[in-house]
Amino acid sequence: MKVETSVDDGINLMDIYDFLMGGWKIILFITLIGTGIGVVTSLYLPDQFEAKVLIQGARVANVHSNSSNNNSIDVEPTAVLAEKMKSATYYDSKMLAACVGKGEAGNLETLTKALNATVTKNSNFVSIVYRSESRDIALRCLEQVLVIVVENQKGLADAKLAPVMSRLNNAKKTADVLRKTVKMLETHRRVEFKDVEHSLFMGALQSKAQELLVVENEISIIESMLKMPNTQEAKF
């Protein structure tokens, strides 16, 4: 009977030990070289400051809302705002001046990519980040981004607020007419009427007074909707 034998191809611990003992100088040399490169790099490369913020787009009063919990709406979807902020055409020369230090070269395309505008998951915020050798420049850059967002959303906000302002103005005109009517009726209140006439007169007075209360309440609600937090510009 023929018996086959096989050689163990596994790694021998003694071989590893012999290799390490024989090549420790090479390993030490490589380690020192790597450490030296790291030290030199850290000494000569400038510090980088990172500024990161979340921007919430502008919101305006929701004139069609029937709920006290939904009195405002975004002037544009957050995802749309983020896509706009990824385009260099969204920004202007003031943006470049704010984000690039004196004597440094830069362009809006590179700057836009560096900002890396993204929508924070399950939120109404756009996240942007900027790195610079200067902490002040990094912060100033993001502040200028907010200024540009506010300017670009102003037209959208005005368009959405137009029906709200129209409704408010109409309500104020109606209230003025009703006040004059109630005042006139109050003036003639002391005039002696027959029972039937007096009853009709008082009914008309009470009806106009009630209408005025309703309109004044509508005005108060609309004016509160036009205040923060229901209506506000984009913000950090």
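Per chain, the residues get numbers from 1 upward, laid out in the order the sequence is written. The model is predicted, so local features are restricted to residues of pLDDT at least 70 and side-chain atom pairs to those at 80 or more, both for listing and for counting; the totals for chains, interfaces and linings are taken over all residues. Side-chain measures were taken over the full set of non-hydrogen atoms in the model, leaving aside hydrogen atoms and water.

Turning our attention to the overall build of the chain. Within the chain, the secondary structure is distributed over seven helices and five strands. Ordered by position in the sequence, the α and β elements of the chain form the string α-α-β-β-β-α-α-α-β-β-α-α. Using a 1.4 Å probe on the protein chains alone, a residue whose accessible area is under 20% of its type maximum counts as buried, one over 50% counts as exposed, and one in between counts as partly exposed. Within the chain, the fraction of its 236 residues that count as buried is 29%. Contacts are assigned to residue pairs that have any heavy atoms within 4.5 Å of one another. Intrachain contacts of the chain at a sequence separation of at least 6 include 70% that bridge at least 24 residues. In these tables, accessible area is a Shrake-Rupley quantity obtained with a 1.4 Å probe, and a residue counts as shielded only by the protein chains included in the view. Accessible area of the chain: about 16,600 Å², with a carbon and sulfur share of 58%. Numbering of helices and strands runs from the N terminus; a helix is a DSSP stretch of H or I covering at least four residues, while a strand is a stretch of E covering at least two.

Our next topic: the state of the cysteines. Whenever a pair of cysteine sulfur atoms sits within 2.5 Å, that pair is classed as a disulfide. Applying the stated criterion across every chain yields a total of one disulfide. Two residues share a disulfide in this structure: Cys99 and Cys141, whose sulfurs sit 1.9 Å from each other. A torsion of 85° about the S-S bond marks the disulfide between Cys99 and Cys141 as right-handed. Of the two residues, Cys99 sits in helix α4 (residues 93-99) while Cys141 sits in helix α6 (residues 135-187), which places them 42 residues apart along the sequence. Judged on exposure class, the residue Cys99 and its partner Cys141 are both buried.

This part covers the sheet that holds strand β1 (residues 49-56). Between any two strands, at least two bridges found by DSSP are needed for them to pair. Taken in spatial order, the three strands make up an open sheet running β1-β5-β4, and their pairing is antiparallel. Edge strands, defined here as strands with exactly one partner in the open sheet, are β1 and β4 (118-119). Summarising the sheet, β4 and strand β5 (residues 125-132) pair through two bridges and their orientation is antiparallel. Note on β5: the bridge partner recorded for Val119 is Val126. Contacting β1 and β5, α6 runs over the sheet at an angle of about 15° to β1. Orientation is described by lines fitted to C-alpha atoms, with helices fitted over the stretch in contact, and by angles between N-to-C directions that extend from 0 to 180 degrees.

Moving on: the nonpolar core. Most often, soluble globular proteins have nonpolar side chains that are buried together. Take the buried Ala, Val, Leu, Ile, Met, Phe, Trp, Tyr and Cys residues and link them wherever side-chain atoms come within 4.5 Å; each set so joined is a nonpolar core. Ranked by internal contacts, the top residues of the largest apolar core, which has 24 residues, are Met85, Tyr91, Met95, Leu115, Ile128, Tyr130 and Val145. Here this core gets seven residues from one element, more than from any other, and that element is α6. Not counting residues up to four positions away in its chain, the partners in contact with Tyr130 are Phe49, Glu50, Ala51, Cys99, Leu111, Ala114, Leu115, Ala138, Cys141 and Leu142. The next biggest cluster of nonpolar side chains, apart from the first, holds 17 residues, and it includes Val164, Val215, Ile219 and Met225.

Note on placement: Thr231 falls in the segment after α7 (195-225). If we skip the residues at most four places from it in the chain, Thr231 touches Arg59, Val60, Ala61, Leu161, Met225 and Leu226.

Another aspect to go through is the side chain of Ser72. Position of Ser72 among the secondary structure elements: in strand β3 (residues 72-74). With residues up to four places along the chain from it excluded, the contact list for Ser72 reads Arg59, Val60, Ala61, Asn62 and Asn230.

Residues Ile26, Phe29, Ile30 and Ile33 make up a contiguous nonpolar surface patch of about 430 Å² in total accessible area. For Ile33, the location among the structural elements is in helix α2 (residues 24-44). When its relative accessible area of 41% is taken as the criterion, Ile33 is described as partly exposed. Residues qualify for a patch when their relative accessible area is over 30% and they have no salt bridge, like charges being joined within 9 Å and the nonpolar side chains of Val, Leu, Ile, Met, Phe, Trp and Tyr within 5 Å. Salt bridges are counted wherever a side-chain nitrogen of Lys or Arg sits within 4 Å of a carboxyl oxygen of Asp or Glu.

Along helix α3 (residues 78-85), the positions that sit buried rather than exposed are Thr78, Leu81, Ala82 and Met85. Down the axis, α3 shows its buried residues gathered within 100° of arc, on one side only. Where α3 is buried, its residues touch β1, β3, α5 (108-115), β4, β5 and α6. Arc definition: it is the arc formed by the directions from the helix axis to the C-beta atoms.

Bringing the pairing of β5 into the picture now. Taken across its eight residues, β5 has six buried, putting it largely inside the fold. Judged from the eight bridges that link them, β1 and β5 form a sheet pairing that is antiparallel. If you follow Ala51 over to β5, its bridge partner there is Tyr130. Between β4 and β5, which pair antiparallel in sequence order, lie five residues; one of them, Asn122, sits at a positive phi of approximately 55°.

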